[in-house]
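A closer look at the structure
Read off the chains here:
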Amino acid sequence: PRTDPRIETARPRDHLSPSEIERRLSGPEAGPTAARAAFAACRSIAESFDGRDVPRFLEQYGRAAARSGEPEVAAVMLARCFVLHPASRWTPSSLLESATLHRHAFGDEDAGQRLARRSLATARALGLREAIAAAEAFLAASESTTADPREASSPAPNTTIRTDSP
C-alpha cells in the first residue's frame with residue numbers, strides 16, 4: 001500500500017518523507033553525511049510517529065542506522081520489519097540488509113546465509129524480481145568462497161535493494 005498523501009503533508013517539519021529518506025540512503029546525495037541525516041530523521045519519527053507505512057519505515061531506519069555506523073540499532077529495526085511484517089514487500093530487503101550486517105559487522109557468515117536464504121524465499125513468494133536477484137547475488141558470492149567465508153566477495157554493506165514499486 002502506498003503512503004497516504006495526507007500523511008506526507010501532515011508530518012512535523014523535521015520529519016522527512018519516505019522518499020526524502022530514500023534519496024539520502026540511495027539517491028545521488030547518498031553518503032555518510034546523508035545517511036546520518038536520514039538516521040536522525042528516523043529517530044525523530046520514531047519518537048513521534050506520524051502514521052507512515054510501518055514496514056517501510058523500519059526498513060529505512062535499519063538501513064540508515066547501518067550506514068551511520070550503528071549496526072546493533074540497524075539489526076533491531078530490520079528484525080522488527082521482517083518479524084512483525086513477514087508478508088511486506090520490504091521484508092526481503094530487510095532480511096538481506098540483516099544478512100549483510102551479520103556477515104560484515106558481526107562476522108557471522110552462517111546467520112548471514114540463513115537470512116539471505118530467507119530473503120530469497122520471501123522475495124520469490126512476493127514476486128519481487130529485483131529482491132530475488134539481489135538475494136541470489138549475495139548467496140552466489142558466498143558459494144564462490146574457497147577457504148575463509150569472510151573473504152568472500154559480496155554485495156557492498158550499503159547495497160540497496162529496490163522493490164518493484166515505491
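Please refer to the structure placed before this passage.
One structure accompanies this document, and this report is about it. None of the values given here were measured: they were computed from a predicted structure.

Let's shift gears to the packing of aromatic side chains. Any aromatic ring pair is given by two values, namely how distant the centres are and how the planes are angled relative to each other. All chains considered together, the criterion is met by three aromatic pairs. Joined through ring pairs, the aromatic side chains of Phe39, Phe49, Phe57 and Tyr61 make up one cluster. Between Arg43 and the ring centre of Phe39, over which it is positioned, the NZ or CZ distance is 4.5 Å. Above the plane of the ring of Phe138 lies Arg103, whose end atom (NZ or CZ) is 3.9 Å from the centre.

On to the packing of helix α6 (residues 91–104) against helix α7 (residues 109–126). Between α6 and α7, the shortest axis-to-axis distance is 8 Å and the interhelical angle comes to 165°. Between α6 and α7, the interaxial angle falls into the category roughly antiparallel. Once α6 is placed against α7, the crossing between them reads as left-handed. Mapping the contact onto sequence places Thr91, Pro92, Leu95, Leu96, Ser98, Ala99, His102 and Arg103 in α6 and Glu109, Ala111, Gly112, Gln113, Leu115, Ala116, Arg118, Ser119, Thr122, Ala123 and Leu126 in α7. Of the residues belonging to the contact of α6 with α7, the class tally is nine nonpolar, seven polar and three charged.

Further remarks concern the nonpolar core. Within the largest apolar cluster, 21 residues are counted, with the highest numbers of intra-cluster contacts made by Ile21, Phe57, Tyr61 and Leu101. For this core, the elements supplying multiple residues, two or more each, are α2 (18–26), α3 (32–47), α4 (54–67) and α5 (71–84). Those residues in contact with Leu101, other than ones at most four positions away along the chain, are Ala66, Pro71, Ala74, Ala75, Leu78 and Phe106. Ranked by size, the runner-up nonpolar core spans 15 residues in total, among them Leu120, Ala123, Ala131 and Leu139.

About the thresholds
Residues numbered from 1 in each chain as written. Predicted model: local features only at pLDDT ≥ 70, side-chain atom pairs only at ≥ 80, totals over all residues. Heavy atoms only, no water. Phe/Tyr/Trp six-rings, centres within 6.5 Å; stacked < 30°, edge-to-face > 60°. Lys NZ or Arg CZ within 6 Å of the ring centre and 35° of its normal. Axes fitted to C-alpha atoms, helices over the stretch in contact; angles between N-to-C directions. Helix = DSSP H or I, 4+ residues; strand = E, 2+ residues; numbered from the N terminus. Parallel < 35°, antiparallel > 145°, perpendicular 65-115°, else oblique. Left-handed = near helix turned anticlockwise from the far one by under 90°. Contact = heavy atoms within 4.5 Å. Nonpolar A, V, L, I, M, F, W, Y, C, P; charged D, E, K, R; others polar. Core = buried A, V, L, I, M, F, W, Y, C linked by side-chain atoms within 4.5 Å. Buried < 20%, exposed > 50% of the residue type's maximum accessible area, 1.4 Å probe, protein only.

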